[in-house]
Each structure stands twice: as C-alpha cells, then as structure tokens.
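Spelled out, the chains give:
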Amino acid sequence: MALLKVKFNQKKRVKLAQGLWLMNWFSVFAGILVFSMGLFLKIELRKRSEVMDNSESHFVPNSLILMGILSCAFNGFAGKICYDSLDPTKFAKWKPLLKPYLALCCVFNMLLFFVALICFLMRGSLDSTLAQGLKNGMKFYRDTDTPGRCFMKKTIDMLQIEFKCCGNNGYKDWFEIQWISNRYLDFSSKEVKDRIKSNVDGRYLVDGVPFSCCNPSSPRPCIQYQVTNNSAHYSYDYQTEELNLWRRGCREALLNYYSGMMSSMGAVILLVWLFEMSVMVGLRLLHTSLESIANPEDPECESEGWILENSLKDTFKSALENLKKLGKFNQVEAGAEGAEGEEGGKTPAITTVS
C-alpha cells in the first residue's frame with residue numbers, strides 16, 4: 001500500500017503546481033536569508049579572530065553560506081519544473097531528472113538539519129576556542145612594539161569595553177601575567193626590582209588591571225592598581241565591597257554572545273528545513289500524480305499521487321534487499337576476476353620430443 005496516497009484531478013494538479021512554484025520562490029528567499037546569516041556570523045567571528053585559538057568556529061558560517069547557495073539553486077530549479085508541469089509537452093523533458101533530483105533534495109535536507117543541530121551544539125567547542133585564544137591574547141597585551149602583536153592591546157581593550165568584561169574568567173587573570181611592557185618600567189626603582197626578583201620567571205606582576213576593565217557607571221573613581229591592597233585606598237575592602245571593575249570574564253561574555261546568535265540562527269534554519277521538507281513532499285506528490293495519468297492524451301483524467309509507492313516497512317525491506325544484491329554482485333565480480341587471473345597465470349606444459 002502506497003504511503004500518503006492522494007487522488008488528483010486536473011484542477012488539483014494545477015493548483016498544486018502553482019502553489020509549489022510560489023513556495024519554491026519563497027524558499028529561494030529563505031536561502032538568501034541563510035546565506036546572509038552565514039556571512040554575518042563569519043564577519044562577526046573575523047572581528048575577534050585574534051582571541052580565538054583555531055578556525056573550527058568558522059565551520060558553522062561556512063556551512064550556512066554553502067546551504068544558502070544550494071537552497072537558492074535547488075529551489076530555483078524546482079520552481080522551473082513546477083512551472084513547466086502545467087504544460088505536458090514541457091514537463092516531459094524533466095521526467096527522467098525528477099527521481100535523481102528528489103534524491104538530491106533528501107540529501108540536502110539531511111545536511112540542512114545537521115547544520116541546524118550544529119548551531120545548537122557548537123557551544124562546547126567555542127568555549128575551549130575562546131578560553132585558549134583569550135589566554136594567548138592577554139599574554140601579548142604588552143607587546144605593543146612587536147610586529148604582528150602591536151594591535152593586541154587595542155583589540156583586548158576594545159573587547160573589554162564593548163562587552164563589559166575583564167580578563168579571561170575574571171579580573172584576577174590579569175594578576176597572573178605581566179601586562180605592562182618593560183619599556184614603561186623603571187628598572188632603577190627598588191619596587192620594580194623586588195617584584196621581578198620575587199617572581200621565578202622574572203616577570204613584573206602586579207595586582208592591577210588595564211583601564212578597560214573599569215566600570216564607568218561606578219560612583220567611585222576606578223581602582224585599577226593595588227586592587228587587593230585595602231590599606232592603599234580609603235574606606236576600601238576588596239573582599240566585601242563591590243569593585244568598580246567588570247566582574248564578568250570575557251570568555252563568558254563572548255560565549256553568551258555567539259551562542260545566543262547561533263541558537264537563533266539554528267531556530268531559523270529549522271523553520272527553513274520544515275518549509276523545504278513540505279516543498280519536497282509536494283514535489284513528490286506532483287511528480288507521481290503526473291506519472292500515474294492513465295491516458296496522457298486526456299490531461300483532465302484523474303490520477304493518484306503518493307510519497308512512497310509501497311509502505312514504509314516494505315520500502316525499507318526492498319532497500320535492504322537491493323543493498324544485499326549489490327554486495328553479492330560485487331563479490332561475484334571479484335571472484336570471477338580472481339579466477340581469470342589464476343587461469344591467465346598458468347603456463348601451458350610443452351613436451352619436447354627428442
């Protein structure tokens with residue numbers, strides 16, 4: 001028994017073809033939307049590529065761009081088929097291509113669904129990418145005179161100001177690295193010498209943070225140096241008082257920003273996928289209803305359309321049997337080739353009569 005069998009007359013077939021033509025052009029615009037989302041996400045990731053450890057995060061925008069292009073191509077082609085289906089003479093040239101085209105549509109929709117899932121599942125990979133990238137970026141913050149790294153200070157400062165964050169996981173991350181360049185240190189000062197000598201790696205570490213960590217909304221002037229020294233500031237206790245520095249780490253801020261963006265895009269792609277599935281089902285019904293016309297010379301006669309010619313169970317069994325036959329056929333061919341090789345390798349005996 002066919003799956004989802006529907007009876008059609010000429011009027012219904014025409015309405016289905018016209019509706020599918022319109023839906024395909026809506027799908028073309030949806031493909032443009034998916035392409036635009038991928039391009040926007042790629043630009044956003046490029047803006048902060050200096051604080052990302054690898055290029056894995058670009059898999060999502062690249063996939064969105066590819067899916068958008070394929071969606072425009074597939075649906076534009078399907079729109080042409082639906083338009084030509086109104087004329088039996090024009091539709092005849094598309095008949096041999098419809099089955100391969102529908103198979104490609106199935107593959108395309110599977111890939112589209114996979115990309116939608118990836119948008120929701122990329123948070124873990126993005127988290128590790130940002131954690132390592134921000135850690136490396138903070139190490140290069142002081143290298144304002146080093147070619148290739150001189151821009152890092154501006155990048156980190158703008159990032160902390162824009163996203164209202166400080167450090168990788170928090171402001172205390174700045175205590176563990178030397179973020180002040182040696183050119184701005186007075187090495188004749190006893191304090192500087194003592195700090196450098198007290199560190200095993202010879203770094204100048206302070207309990208301070210860059211100016212970009214300061215919260216401009218705080219009523220108190222920014223305390224960015226000697227943050228943990230209560231006696232250095234009047235009426236101050238860093239453990240109990242709300243600091244006028246950003247509490248949130250930049251890794252968390254960027255992760256929430258990109259994850260929220262990707263989740264929204266994933267939801268949009270799922271809607272596009274549902275729309276594409278409905279278009280594919282409609283095209284299959286149109287294809288089978290036109291093929292099952294009993295008398296091609298009488299276009300007004302009734303016909304039947306279906307999704308699968310047999311039930312889902314029977315179709316699955318048939319597919320498994322075809323795969324088994326294909327496997328046996330390959331084994332027979334391999335065996336025949338081996339036998340031919342053995343026969344060809346035999347040397348005929350030559351009898352010498354003396």
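Nothing here was measured: the structure is a model prediction, and the numbers come from that model. (Residues numbered from 1 in each chain as written. Predicted model: local features only at pLDDT ≥ 70, side-chain atom pairs only at ≥ 80, totals over all residues. Heavy atoms only, no water.)

1. Focus on the overall build of the protein chain
This is how the line gets drawn: Secondary structure elements are defined from DSSP: runs of H or I of at least 4 residues count as helices, runs of E of at least 2 residues count as strands, and each element is numbered from the N terminus. Exposure categories follow from relative accessible area, calculated using a 1.4 Å probe and restricted to protein chains: below 20% of the type maximum is buried, above 50% is exposed, and the middle band is partly exposed. Any pair of residues with heavy atoms lying within 4.5 Å of one another is described as a contacting pair.
Broken down by element type, the protein chain carries nine helices and two strands. From first element to last, N terminus to C terminus, the protein chain shows the α and β order β-α-α-α-α-α-α-α-α-β-α. Going through the 354 residues of the protein chain one by one, you find that 40% of them count as buried. Within the protein chain, residue pairs in contact and separated by at least 24 positions form 72% of the contacts whose partners lie at least 6 positions apart.

2. Quick notes on the side chain of Gln 160
The residue Gln 160 is located in helix H6 (residues 152-163) in this model. Assessed through its relative accessible area of 1%, Gln 160 is described here as buried. Those residues in contact with Gln 160, other than ones at most four positions away along the chain, are Cys 165, Cys 166, Gly 167, Trp 174, Pro 210, Ser 212, Cys 213, Trp 246 and Cys 250.

3. Focus: the UniProt feature "transmembrane region" (unreviewed entry) in the protein chain
Going by this rule: UniProt positions are given in the numbering used here, feature names are shortened, and annotations may be inferred rather than shown by experiment.
Feature annotation in UniProt assigns "transmembrane region" (unreviewed entry) to the following positions: residues 20-41, 101-122 and 255-275. Counting secondary structure, residues 20-41 comes out at 100% helix and 0% strand; the distance between its end C-alpha atoms is 31 Å. This span, residues 255-275, is 100% helix and 0% strand, and a straight line between its end C-alpha atoms measures 30 Å.

4. Things to note about the confidence of the model for the protein chain
For clarity, the threshold we go by: Across the chain, each position has a pLDDT score giving the predictor's confidence in that residue, from 0 to 100.
Confidence along the protein chain averages 82 in pLDDT terms, with 79% of residues attaining 70 or more. Predicted confidence is poor over residues 349-354, with pLDDT under 50, and the contacts of this stretch with residues over four places away or in other chains come to zero contacts.

5. Examining a nonpolar patch on the surface
Heads up, the rule is: Residues enter patches when they are more than 30% accessible in relative terms and free of salt bridges; like-charged ones are connected within 9 Å and nonpolar ones (Val, Leu, Ile, Met, Phe, Trp, Tyr) within 5 Å. Note on areas: these come from Shrake-Rupley sampling with a 1.4 Å probe, and a residue is covered only by the protein chains present in the view. In the sections that follow, a salt bridge refers to a side-chain nitrogen of Lys or Arg positioned within 4 Å of a carboxyl oxygen of Asp or Glu.
Taken together, Trp 21, Leu 22, Trp 25, Phe 26, Phe 29, Ile 32, Tyr 83 and Leu 86 make up a surface patch of nonpolar side chains, about 840 Å² in accessible area. Ranked by residue count, the leading element in the nonpolar patch is helix H1 (residues 10-47), at six residues. Within the element layout of this structure, Phe 29 appears in helix H1. Judged by its relative accessible area of 56%, Phe 29 falls in the exposed class.

6. As for the packing of aromatic side chains
Formally: The rule is short: rings of Phe, Tyr and Trp, with Trp giving its six-membered ring, pair when the centres are within 6.5 Å, and they are stacked under 30 degrees, edge-to-face over 60, tilted in between.
Inspection of every chain in the model, using the stated rule, returns eleven aromatic pairs. Ring centres of Phe 74 and Phe 108 lie 5.3 Å apart, and the angle between their planes is 25°; on these two criteria the pair is classed as stacked. Remark: Phe 108 occurs in helix H4 (residues 95-121) and Phe 74 occurs in helix H2 (residues 59-84); sequence separation between them is 34 residues. Relative to Trp 179, the ring of Trp 174 lies with its centre 6.3 Å away and its plane at 75°, an arrangement referred to as edge-to-face. Across the pair, Trp 179 and Trp 174 agree in class, each one buried. Members of the aromatic cluster, each reached through a chain of ring pairs, are Phe 74, Phe 77, Tyr 101 and Phe 108.

7. Re the state of the cysteines
Each disulfide consists of one covalent bond between the sulfur atoms belonging to two cysteines. This is how the line gets drawn: Any cysteine sulfur atom paired with another within 2.5 Å is treated as part of a disulfide.
Scanning the model with the defined rule gives three disulfides in all. For Cys 165, the disulfide goes to Cys 250, at an S-S distance of 2.1 Å. Residues Cys 165 and Cys 250 are joined by a disulfide whose S-S torsion is about 85°; by sign, that bridge is right-handed. Taken together, the residues Cys 165 in the loop between H6 and helix H7 (190-197) and Cys 250 in helix H8 (residues 250-291) connect sequence positions 85 residues apart.

8. Observations concerning the environment of Phe 77
Within the fold, Phe 77 resides in helix H2. Measuring from C-alpha to C-alpha, the distance between Phe 77 and Val 28 comes to 10.0 Å, with 49 residues separating the pair along the chain. What Phe 77 contacts, discounting residues up to four positions off in sequence, is Trp 94 and Tyr 101.

9. Observations concerning the environment of Leu 121
Within the element layout of this structure, Leu 121 appears in helix H4. With a relative accessible area of 63%, Leu 121 lands in the exposed category. In the structure, Leu 121 is positioned 145 residues away from Gly 266 in sequence and 9.8 Å away in space, judged by C-alpha atoms.

10. Here we look at the pattern of salt bridges
This model, assessed by the stated rule, comprises eight salt bridges. Between Glu 44 and Lys 47 there is a salt bridge whose closest N-O contact spans 3.0 Å. One end of the pair, Glu 44, and the other, Lys 47, are both in helix H1, three residues apart, so they sit about a helical turn from each other. Judged by its relative accessible area of 48%, Lys 47 falls in the partly exposed class. Between Glu 44 and Arg 48 there is a salt bridge whose closest N-O contact spans 3.5 Å. Taken as a pair, Glu 44 and Arg 48 share a single burial class, namely buried. Put simply, Glu 44, Lys 47, Arg 48 and Glu 162 are held in one network by salt bridges that share partners.

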